[in-house]
Amino acid sequence: MRHAATSLSPSRLLFTLGILVVVPSSRSLGTAKVNRHKPWIEELYHGVVTENEEEVLLSPPLVAMDHDAPTPYAGEICGFRVLGAGTPFEGVVVNSSTGEGVLRARPGLDCESKTEYEFGIQALDCGEDGQHRRQRKSHRATVRVQVQDVNEFVPKFTQPVYEVTLLKKETGDEPDTSEPENKGSAGRGDAVVLRVEATDGDCSPQFGQICGYEILTPGSPFSIDMDGNVRVSGLLPDADGSERTMEFIVTAFDCGKRRAQRDAIVRIHIRAPCRHGWQGWSDTIEYPAGGGALPLFPGIALETCQTSPTSLQASVAVETGVGGRTCDRDTYSELSRRRLCDAASGAVELLQAASNHSSKLPSSSRHHFEGSEAFMLNQALNLSGAFSLSVWLRHRSGGDAREAIICEGDRTGTGIRKLSLFLHECRVIFSFRRDVIEQGGSHPADFYWKLEQACDNEWHFYVINVDYPAVTLLVDGVSYDPYQVSSDWPISGADLETQVVIGACWQGGEAAQLGDYLYGELWGLLLRSGIRDSRRDIACLLACQEGLDFSAFDSLGRGMKVHFNPTQSVLTLEGDDPEAFSRTLRHAAYLNSRFFPSPGPRRVTISTQLTCAPDSTCPSVPPVSAYVVVGRAPEPQLWISAASPLAPEASDLAAPGGVPLTPALRILSFPRINSDIEAQSEENNMAEGERAGSGLAHNLEACEVLAQGSTLASQYEELLLLLPSELASMLTLHSSAEGLLIDGVAPMAVYQQALRHLAYRNTNLHHLTRRSFVIRCTELSGRFLSNDFVLEVNPLHSAHLPGSPSHLIAEPRLASDAADSNVGSSTTTVLGISAVVVVVAVCVVLGAVTLGVARVRATQRGIVRTGAEGREGEMDWDDSGLTITVNPMESCEETGISEDEVGLDEESSEGEGYGEEEEEEEEEEESRGEAEGGPGREGHLGSSTPYAQLEWDDSTLSY
């Protein structure tokens, strides 16, 4: 451990002497305050630390003193606290008795990120008992630390290759200063041919600056100075009407003598003064997402150098898509794309059906097969003589083994295959055998095509249209005839049990083995039973949402022709006038109509061909290569909100239309700020974005409503969604026991309006329970997902009380808490299973009836008074309209009635004969309730309710 030289300043010396004076008095006073003084440290520290190292050299050294020393704990230093959030330093106590400490840097200290730090530090003593009780801290001292650089980076050139074209002058070697940028004279002089540049990532001037360049190629006629300027220093070869290229290697050194790890290449092209080809174009075109049609070469011009071509032809091609795809097809699922093209009738996406996802939302059905995995369907295909099978496939030759894309074979291992699509040595083999053929004999069964597309490792769209016995294969919209067709006998499918496998073929047998595994990528394997894909369907499915655009057809010059290929990725121009040809090419534009395009570069090339008169020579025009860099669009953050939980009346759930669940549902979309934020933060961002009015408006692909917990009981439970006609034409509804799926590419407002018609119906009122549903939506095959909005439905059960007087109106309660309480003129009926419930119920009844307590008590003891004498002076009791609601949670103590006042004890209870007689009365009452159509003892949920139903027996009361 290194420290700066220790020196006692006058203040520190006085502080030390103070300790010597204070110590004796502290020891002599046993009852004095223990921790009386704060620790003391210097006011300012200066430190130096080397990046990637831990030790910090401080001046003065980090030492804390305390006047309480040598008192244990109170006079000791237990820590140094670094003040300032995010400060990458920590104070460590070396000796608690002497107060010595060090400052250490945390891992990851980098001079390139920050060179200086200033923060505060405090010293803390150990308190009174070593447990930091009444711990005292010093004043705040300032620490300034400078991070020293290490020469860890080497120079790096701004580009790997530097190129320039020099025009060789016919007279003299003086520089031609009138030449355009990046062009110069080929003669000797002080003119700068080009400048190379290197940078260094170190933070200090010593290591972060470039101090020199050097040409490593010996014998080069060029020189370079310490600023990277390249000049001609020797004789250059003559161009002689053709281009000559000179190339040499340049390296760079920083001021720490470190050399560039990767040297730069300098290419200098020497040409004649006039150069044929396209001029005035940029090799990089920035395209913002949603930018519309952007001209690619607004200032381009064709230089023919006084050559008069009789005809010109140029092709502008854009390599659409990223990651090896021929188009930016990372959009919707293939089934959704077919719906947009009106080509989804009878279509089933086999890959998504076989993958068996728990969610029914559309997802990317792109799968990469490495020869070891396959997907199996749970049902047979059951195809007739007319169907269409389509798939996107990327495959390269994998040897002489057969590879199955899809195969439907016999499960018993007989080798019979009703349908199969194989790849074998750049060959496509399709087999189909009918179950029943009216005509006897063999029929076409196996069809063979040999195609380069089957093994070029590029994406291609395959469509097999079957109108038996005719079979047509189309690859990227082009039809191909089979080079071989073989016949086979029909099979009887009545007793044949088949297994459909994707990516392999079922071998059968007890081992249930798979074989003929696929090595390649599949996307969108679809089957249309009974329908074949038309050329219009295929053209729509192949259409790309990005490509070239041209809108100046009305202003074409004389003799100019412009036409596109089917995918609009190639624009061809034909003409005979170079000037009109250049004006037309300036209108060629790039267009990406996707709302969320895949970001990245797209290469654009121009290939030009000139035709001249027979007696003249046409120069070749160099190809143009540029890149369109598509920017990233702000990703949407989908949010679903609605009222939850809901508490509908139980009776409303049984209505034919059910109960509306989401009449005020909202679907919002805002630019995502941070992809890692929590759900609560997402909700806050949504609220802020909504107030700011910065919402996005785009399409959705699907939404689903799923029942949580158990699935829907189809006998009495269902989700209803009655779509208006204007919505039904845009969306498709799928219903199952799990819930509802709504799909179809449509605006968010359409889905919001559709989900507001969602209703829930349950006709089983005796077993109503709490229900929860989750609602989520997706866009672009799951690329953007909404939150999982959980909707809770808590049915309310109302108590219907007949004959209630106006001054005692019964209020509805939850089904778990409410029941009816009636007063009649028959025998007393007490519902319940416990004597405690009976006692509580009678307590409340007798507490409410203040008059006649003595008579009720006499009645409970079996005392009956009759005659006119007993009725004199008493009031008449009319209970025809009395309804008493009993709360079992209210105790006798809460009502202020004691058990003695009530008069209920063990003897009176036994005298009541509670037991078998009471059970018989309950059974009779229940029978009468069922006969009258009443609910009896059971509530809406089919279980005993916590409220007791009491019947008032006044037959023994004397009036």
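Conventions adopted
- Residues numbered from 1 in each chain as written.
- Predicted model: local features only at pLDDT ≥ 70, side-chain atom pairs only at ≥ 80, totals over all residues.
- Heavy atoms only, no water.
- Helix = DSSP H or I, 4+ residues; strand = E, 2+ residues; numbered from the N terminus.
- Buried < 20%, exposed > 50% of the residue type's maximum accessible area, 1.4 Å probe, protein only.
- Contact = heavy atoms within 4.5 Å.
- Areas by Shrake-Rupley, 256 points an atom, 1.4 Å probe, with all protein chains shown as cover.
- Salt bridge = Lys/Arg side-chain N within 4 Å of Asp/Glu carboxyl O.
- Pairing = 2+ DSSP bridges.
- Phe/Tyr/Trp six-rings, centres within 6.5 Å; stacked < 30°, edge-to-face > 60°.
- Disulfide = S-S within 2.5 Å.
- Axes fitted to C-alpha atoms, helices over the stretch in contact; angles between N-to-C directions.
- Core = buried A, V, L, I, M, F, W, Y, C linked by side-chain atoms within 4.5 Å.

Engineer: So what exactly am I meant to see when it comes to the overall build of the chain here?
Structural biologist: A tally of helices and strands in the chain yields 17 helices and 57 strands. When each of the 959 residues of the chain is scored for burial, the buried share is 43%. Taking the intrachain contacts of the chain between residues at least 6 apart in sequence as the baseline, contacts between residues at least 24 apart amount to 73%. Accessible surface, the chain as shown: approximately 49100 Å² in total, 49% of it carbon and sulfur.

Engineer: In this structure, what is going on with the pattern of salt bridges? I would like to understand it.
Structural biologist: Opposite charge on two side chains permits them to pair, given that their charged atoms come into close proximity. Here the structure, examined in full by the defined rule, presents 26 salt bridges. With its nearest N and O atoms 3.0 Å apart, the salt bridge here joins Asp-263 to Arg-259. Relative accessible area serves as the criterion here: at 39%, Arg-259 is assigned to the partly exposed category. In this structure, the salt-bridge partner of Arg-536 is Asp-537, at a minimum N-O distance of 2.8 Å. The buried category is assigned to Asp-537, whose relative accessible area is 6%.

Engineer: Any chance you could explain the pairing of strand S19 (residues 264–271) here in plain terms?
Structural biologist: As a general feature of sheets, a regular strand has side chains that alternate between the two faces. Of all eight residues in S19, six are buried, a share of seventy percent or more. Alignment of strand S11 (residues 161–167) against S19, held across seven bridges, turns out to be parallel. By the bridge assignment for S19, Val-161 is matched with Ile-265.

Engineer: Explanation requested: unusual backbone geometry in the structure shown.
Structural biologist: What you tend to see is this: most non-glycine residues have negative phi, and most peptide bonds are trans. For the bond from Ser-59 to Pro-60, the omega torsion is -5°, close enough to zero to count as cis. Relative to the helices and strands, Pro-60 is located in the loop between strand S3 (57–59) and strand S4 (65–66). With omega at 10°, the peptide bond leading from Tyr-468 into Pro-469 counts as cis. Here Pro-469 shows up in the loop between strand S33 (456–467) and strand S34 (470–475). In this model, Lys-257 sits at a positive phi of 70°, which is unusual for a non-glycine residue. Summarising the element assignment, Lys-257 is placed in the loop between strand S18 (244–254) and S19. In this model, Cys-426 sits at a positive phi of 60°, which is unusual for a non-glycine residue. Structurally, Cys-426 can be placed in the loop between strand S30 (417–423) and strand S31 (427–432).

Engineer: Sorry if this is basic, but what is going on with the packing of aromatic side chains here?
Structural biologist: The way to describe two aromatic rings as a pair is by their centre distance and the angle between their planes. Evaluated as defined, the whole model comprises 18 aromatic pairs. Here Phe-89 and Tyr-117 contribute two aromatic rings whose centre-to-centre distance is 5.4 Å and whose plane-to-plane angle is 75°, an arrangement assigned as edge-to-face. Within this pair, whereas Phe-89 is found in strand S6 (residues 89–95), its partner Tyr-117 is found in strand S8 (residues 116–125), the two being separated by 28 residues in sequence. For the pair shown, Phe-89 and Tyr-117 are each scored as buried.

Engineer: Would you take a moment to explain the state of the cysteines for this structure?
Structural biologist: One way to say it: the disulfide is the covalent bond shared by the sulfur atoms of two cysteines. All told, the structure shown has eight disulfides when counted by the stated rule. There is a disulfide in this structure between Cys-341 and Cys-540, and the S-S distance comes to 2.0 Å. Because the sign of the S-S torsion sets the handedness, a value of about -80° for the bond joining Cys-341 and Cys-540 places this disulfide among the left-handed ones. Of the two residues, Cys-341 is situated in the loop between helix H3 (334–340) and strand S25 (347–349) and Cys-540 in helix H5 (residues 535–542); the sequence distance between them amounts to 199 residues.

Engineer: Got a minute to help me understand the sheet that holds strand S13 (residues 192–195) in this structure?
Structural biologist: Strand pairing in a sheet takes place through backbone hydrogen bonds and is either antiparallel or parallel in direction. Judged by pairing direction, the sheet is antiparallel, and its three strands sit side by side in the order S13-S17-S16 without closing on themselves. Bordering the open sheet on either side are S13 and strand S16 (222–224), each of which pairs with just one other strand. Each neighbouring strand pair of the sheet contributes to a mean axis angle of 25°, computed without reference to strand direction. Here S16 runs beside strand S17 (residues 229–232); their pairing, made up of three bridges, is antiparallel. Paired with Ser-223 across the two strands is Arg-231, which belongs to S17.

Engineer: I'm lost on the nonpolar core in this one. Help?
Structural biologist: As a rule of thumb, soluble globular proteins bury nonpolar side chains together. With 36 residues, the main nonpolar core has Ile-406, Phe-430, Tyr-462, Ile-502 and Leu-522 as its most contacted residues. For this core, the element with the most residues is strand S28 (residues 386–396), which contributes four residues. The next biggest cluster of nonpolar side chains, apart from the first, holds 35 residues, and it includes Val-705, Leu-727, Ala-754 and Val-793.

Engineer: Can you help me understand the pairing of strand S51 (residues 717–721) in this one?
Structural biologist: Counting buried positions along S51 gives four out of five residues, so the element sits mostly inside the fold. For S51 and strand S54 (residues 758–762), the ladder comprises five bridges, and the chain directions are antiparallel. Residue pairing for S54: Leu-721 is matched across the bridge by Leu-758.

Engineer: Mind showing me how you'd approach the side chain of Ser-420 here?
Structural biologist: Along the chain, the position of Ser-420 falls in strand S30. Discounting chain neighbours no more than four positions away, the residues touching Ser-420 are Ile-406, Cys-407, Ile-429, Phe-430 and Ser-431.

Remember, this is a structural readout, not a statement about activity or role.
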